Amino acid sequence: MASVIVGRTGPFTGQSVVLGGEPLSFGRKGENGVVIVSPSASRLHAEIVTEDAGFVLYDRDSRNGTFVNDQRVTRHVLRPNDCIRIGDETFLYEAQDSMETVMDLSLMDVPRPAAADPGTLRVTITGGGPVGLAFALALDEMLPGRTAVTIYDGRWTRKGSAVVWKDETQGNFRRQQVVTVQSRQYLALSEEVRGALFGDAGAYSEMWPVGPDSVDGHPPRNIRIAHIEDRLLDLANRRPAIRLVAKRFDATEQQNRITQDHVLVVSEGGRSRTREHYTDRFGAADASIYSLDGEHLQDIVLGLRVKSKLPDPMSVLLTVSQNRFLLNSLRGEGFLNMRLTREEAKNVIGIDPVRHVFEECIASRPCLMSRQEEDNEFRCPTHGTLFLPALLRSSPLWKEIRQGLALFGVAEEDLTAITSFRLDMVQRPRFTAQLHRPTATTPGTYGFLLGDAANAIHFWPGRGLNSGLASATSLARSLSRAWQGRPLRDADFIRHEAAMSMLQYRHKSRAWNAMVTTDEQGVTRAIKDIIARSTEAGGAAGAPGAPRPAGPDAAGGSDLDALLDRMAEIRDRLASRLPGLPTDGELRDHLAPTAPATLRTLRESGAWDTLIVGGEEADIDLFYQSDSPVYVPRPADPRSLLQPQA
């Protein structure tokens, strides 16, 4: 008696596979008999084999398990009407009657028409950072053998037959930053990508506690951006379907070529030239929603490359208890980010030591100024300028920098480089646009904004890369479901647009609250202006170790006590999720040398609004649980040959 597996829910719905002598495998890998697109499925998830007992279902050490009739199994002898669940997809096992068996067997040697080949989906990606690379790898895995992807990035160079990242001497200097990847995003990556990024336990740390953002108890992971970029680029070098071009994409120069592609993905970052080239398609950004009193708010942050000696629990508590400094590090090494006031931002300039003229390269490009061994000064290798505040050791900005270093246990010689970041946020009207309509000679081209090109996120809450990875996953899923060889349509991307809008709302509402705060009277102010007010009231900060006014009523003492009370409250909330937090005495001893004006700034800057920064995540899986079709070649059912054609 022949038996079949019939798709019940998911992309395989309505299709069937006749079981025979050969094993039938299920999983995300393209070689499987039934390809599962659900991200919770493993590459080889399960298999049906023929044994004396009949057809037997085996779980092949999958990550999330195989279920029959809602019971998790490792081995199960199939019975008629058993419901198999793998990831988000379900299948029904059916035993056919003898007449159907005779017809099936009589057709075994009949030539079978090949499944319709939808052709190759041609994709160009501008920007080969983590988001562009993650999207390319995901799409190649979801549509194996059906894609041709070209990625452009001017930060790459060729080394032999491979494409690699440029180093600092070639102008690529921001790769030593550390980012925090939420478990919702890294668990959605394929096993191959996740293994490449996190297979080496020394490549990441889990300094942040498990919280509302965490899935199944997995904590966020701090990882160096260079490690992510290197591993993803290495994987892309080994994919035949992905072509890497080591130069920046020029939309005008490539105009004719793009009309021959089905998809253009723009992931160049927040200041994307390609996106601006297509402003008439994607629409103009609205800055008013991120404005106060008619002014579009910007934050300028000084990035200090450091090595901190503090243990992670102390660093976390110091970071979330104020809004002046943020340490993003991997085992103490990373960037200490300092939020600047408007006046301080004006002083982030360099000076040409030969021509004796001021240069704004660190503020406007921005450039990285590294400490030089010969003179111990911070020099820009591109423009030859020196960081002016460091030359003027008594300048207010340099004193505040030293206070931040002392706060996070950084010796001054362990500050090795300085750069700056400028960030503002806007509301984008759409993330998907038809760039070129299909003609007799062109397929029609759709454009998509991903990552910071779609949603530039303030990095204080650490959501930029997470939002970018989510957007890459969403688009890969939509394209893998929609691609049938015909011209793409707006209707194919309703789910993706909805996912992008949700990401924009959730992450930008969170990021906006990293830029402003509202007092008890309901007045909303920019945090940078509150910091400026506190520094003006208290005067310039003194050097680390400077004496403070004595007595219980002294400003320094009251600010210290208020800050300690805040830290104790935060510590009590985090204690169950982050072991090793410092005691009251350890905190007081650590903060005691801090200058009074700096203590006042830390207190008045306010703690992180964890109720807003935390909370429910934007979960794009909500939009990909219906039974939308996706092209995946599968064995044909001989019975389908007997059905009359419409």
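Residues numbered from 1 in each chain as written. Predicted model: local features only at pLDDT ≥ 70, side-chain atom pairs only at ≥ 80, totals over all residues. Heavy atoms only, no water.

The chain is annotated in an unreviewed UniProt entry as FHA domain-containing protein from Streptomyces amritsarensis.

**Student:** Sorry if this is basic, but what is going on with the overall build of the chain here?
**Tutor:** Secondary structure summary: the chain contains 20 helices and 35 strands in total. When contacts within the chain are restricted to residue pairs at least 6 apart in sequence, those whose partners lie at least 24 apart make up 70%. In the form shown here, the chain has an accessible surface area of approximately 27700 Å², with 50% of it arising from carbon and sulfur atoms. (Helix = DSSP H or I, 4+ residues; strand = E, 2+ residues; numbered from the N terminus. Contact = heavy atoms within 4.5 Å. Areas by Shrake-Rupley, 256 points an atom, 1.4 Å probe, with all protein chains shown as cover.)

**Student:** Help me out: how do you make sense of the environment of Leu-189 in this one?
**Tutor:** Inspection of the secondary structure puts Leu-189 in the loop between helix 3 (183-186) and helix 4 (191-198). Leu-189 sits in the buried class, given a relative accessible area of 10%. Excluding residues within four positions of it along the chain, Leu-189 makes contact with Arg-28, Arg-194 and Leu-197. (Buried < 20%, exposed > 50% of the residue type's maximum accessible area, 1.4 Å probe, protein only.)

**Student:** Teacher, can you tell me more about the confidence of the model for the chain here?
**Tutor:** Caution applies to low-pLDDT parts of the model: their predicted coordinates are not meant to be read in detail. Per-residue pLDDT for the chain averages 85, and the proportion of residues at 70 or more is 87%. Confidence, read as mean pLDDT per element, is least for helix 1 (residues 98-106) in the chain (35) and greatest for strand 20 (residues 263-266) (98). Below a pLDDT of 50 lies the segment residues 540-556, which in the model reaches 32 contacts outside its immediate sequence neighbourhood of four places, other chains included. Confidence over residues 627-646 falls short of pLDDT 50; this stretch has 48 contacts with residues more than four positions distant or in other chains. (pLDDT = per-residue confidence, 0-100.)

**Student:** For this particular structure, what's the right way to read the pairing of strand 6 (residues 54-59)?
**Tutor:** The side chains of a regular strand alternate, residue by residue, between the two faces of the sheet. For strand 6, the tally of buried residues reaches five of six residues, placing the bulk of the element in the interior. Pairing analysis gives six bridges linking strand 5 (residues 46-51) to strand 6, with the strands arranged antiparallel. Among the inter-strand pairings, Val-49 is bridged to a residue of strand 6, identified as Val-56. Where strand 5 hands over to strand 6, the hairpin turn is made up of two residues, counted between the paired strands. Bridging between strand 6 and strand 9 (residues 75-77) involves three bridges; their strand directions are antiparallel. (Pairing = 2+ DSSP bridges.)

**Student:** Is there a simple way to think about the pairing of strand 3 (residues 24-27) in this case?
**Tutor:** Alternating residues of strand 3 divide into Leu-24 and Phe-26 and Ser-25 and Gly-27, and every residue in both groups is buried. Two elements, strand 3 and strand 4 (residues 34-35), share two bridges in a ladder whose sense is parallel. Paired with Phe-26 across the two strands is Val-34, which belongs to strand 4.

**Student:** Could you clarify how one ought to interpret the nonpolar core in this entry?
**Tutor:** The nonpolar side chains of a soluble globular protein tend to be buried with one another. Within the largest apolar cluster, 55 residues are counted, with the highest numbers of intra-cluster contacts made by Leu-302, Leu-304, Phe-387, Ile-401, Leu-415 and Ile-418. It is helix 17 (residues 555-574) that contributes the most residues to this core, six residues altogether. (Core = buried A, V, L, I, M, F, W, Y, C linked by side-chain atoms within 4.5 Å.)

**Student:** Which parts of the structure should I look at to understand the pattern of salt bridges?
**Tutor:** Opposite charge on two side chains permits pairing when their charged atoms draw close. Throughout the structure, instances matching the rule amount to 38 salt bridges. The salt bridge partner of Glu-141 is Arg-43, with a shortest N-O separation of 3.2 Å. Linking Glu-141 in helix 2 (residues 130-142) with Arg-43 in the loop between strand 4 and strand 5, this pair joins segments that are 98 residues apart in sequence. Classification of Arg-43 by relative accessible area gives partly exposed; the value is 23%. Note that Arg-60 and Glu-47 form a salt bridge whose closest N and O atoms lie 2.9 Å from each other. Within this pair, whereas Arg-60 is found in the loop between strand 6 and strand 7 (66-68), its partner Glu-47 is found in strand 5, the two being separated by 13 residues in sequence. Bridged by salt links that share partners, the residues Glu-377, Arg-393, Arg-402 and Glu-412 form one connected network. (Salt bridge = Lys/Arg side-chain N within 4 Å of Asp/Glu carboxyl O.)

**Student:** It is not clear to me how helix 4 should be interpreted in this structure. Could you clarify?
**Tutor:** Residue pairs spaced three or four apart in an α-helix point in one direction, given the helix's 3.6 residues per turn. By the burial criterion, the buried members of helix 4 are Val-193, Arg-194, Leu-197 and Phe-198. The buried residues of helix 4 occupy an angular sector of 105° when the element is viewed end-on, so they sit on one face. Elements that come into contact with the buried residues of helix 4 comprise helix 2, helix 3, strand 17 (204-205), strand 18 (221-224) and helix 5 (225-237). (Arc of directions from axis to C-beta.)

**Student:** What am I meant to see in the packing of aromatic side chains here?
**Tutor:** Centre distance and the angle of the planes are the two values used to describe a pair of aromatic rings. In total, this model carries 13 aromatic pairs according to the counting rule given. Relative to Phe-421, the ring of Phe-335 lies with its centre 6.5 Å away and its plane at 75°, an arrangement referred to as edge-to-face. Note that Phe-335 is positioned in strand 25 (residues 333-339) and Phe-421 in strand 31 (residues 417-423), a separation of 86 residues in sequence. Judged by relative accessible area, Phe-335 falls into the buried class, the value being 3%. Taking relative accessible area as the criterion, Phe-421 reaches 6% and is therefore assigned buried. Aromatic ring contacts, followed pair by pair, group Tyr-186, Phe-198 and Tyr-204 into a single cluster. The side chain of Arg-85 reaches across the aromatic face of Phe-67, ending 4.2 Å from its centre. (Phe/Tyr/Trp six-rings, centres within 6.5 Å; stacked < 30°, edge-to-face > 60°. Lys NZ or Arg CZ within 6 Å of the ring centre and 35° of its normal.)

**Student:** What should I look at first to understand the sheet that holds strand 12 (residues 121-126) in this one?
**Tutor:** Strands pair in a sheet through their backbones, by hydrogen bonds, and they do so in one of two ways: parallel or antiparallel. Strand order in the open sheet made by the six strands is 19-13-12-20-33-32, with mixed pairing throughout. Each having just a single partner strand, strand 19 (242-245) and strand 32 (432-436) make up the two edges of the open sheet. Across the sheet, the mean angle from the axis of one strand to that of its neighbour is 20°, orientation sign disregarded. Where strand 13 (residues 147-152) meets strand 19, four bridges bridge the pair, whose relative direction is parallel. Within strand 19, the position partnered with Thr-150 by the bridge is Arg-243. In this fold helix 2 packs onto strand 12, strand 13, strand 19 and strand 20, with an angle of close to 165° to the strand it touches most, strand 12. (Axes fitted to C-alpha atoms, helices over the stretch in contact; angles between N-to-C directions.)

**Student:** It is not clear to me how helix 13 (residues 396-407) should be interpreted in this structure. Could you clarify?
**Tutor:** Between the first and last C-alpha of helix 13 there are 17 Å, a value that for twelve residues agrees with the 16 Å anticipated at 1.5 Å per step. Buried within helix 13 are the following residues: Leu-397, Trp-398, Glu-400, Ile-401, Gln-403, Gly-404, Leu-405 and Leu-407. Looking one or two residues past helix 13, Gly-409 carries a phi angle of roughly 65°, positive in sign. (Expected span 1.5 Å × (residues − 1).)

**Student:** Help me understand empty space enclosed by the protein, please; the structure alone is not making it clear to me.
**Tutor:** In total, this model carries four cavities of 30 Å³ or more according to the counting rule given. Put simply, the largest cavity is a space of about 170 Å³. If you go around the largest cavity, you meet 15 residues; those closest to its centre are Ala-134, Ala-138, Ala-188, Leu-189 and Ser-190. Breaking the lining of the largest cavity down by element, the ones donating at least two residues are helix 2 and helix 14 (464-482). At six residues, helix 2 tops the list of elements feeding residues into the lining of the largest cavity. Its residues placed into classes, the lining of the largest cavity shows ten nonpolar, two polar and three charged. Put simply, the second largest cavity is a space of about 70 Å³. Looking at the second largest cavity, the residues that line it are Pro-130, Ala-134, Val-181, Tyr-186, Leu-189, Val-193, Leu-197, Phe-198, Ile-228, Leu-232, Leu-465 and Leu-469. If you list the elements that add at least two residues to the lining of the second largest cavity, you get helix 2, helix 4, helix 5 and helix 14. (1 Å grid on protein atoms, 1.4 Å probe; cavity = no way out; pocket = protein on both sides within 12 Å on 5 of 7 lines; lining within 4 Å. Points joined across faces, edges and corners; volume = space filled by probe spheres on them. Nonpolar A, V, L, I, M, F, W, Y, C, P; charged D, E, K, R; others polar.)

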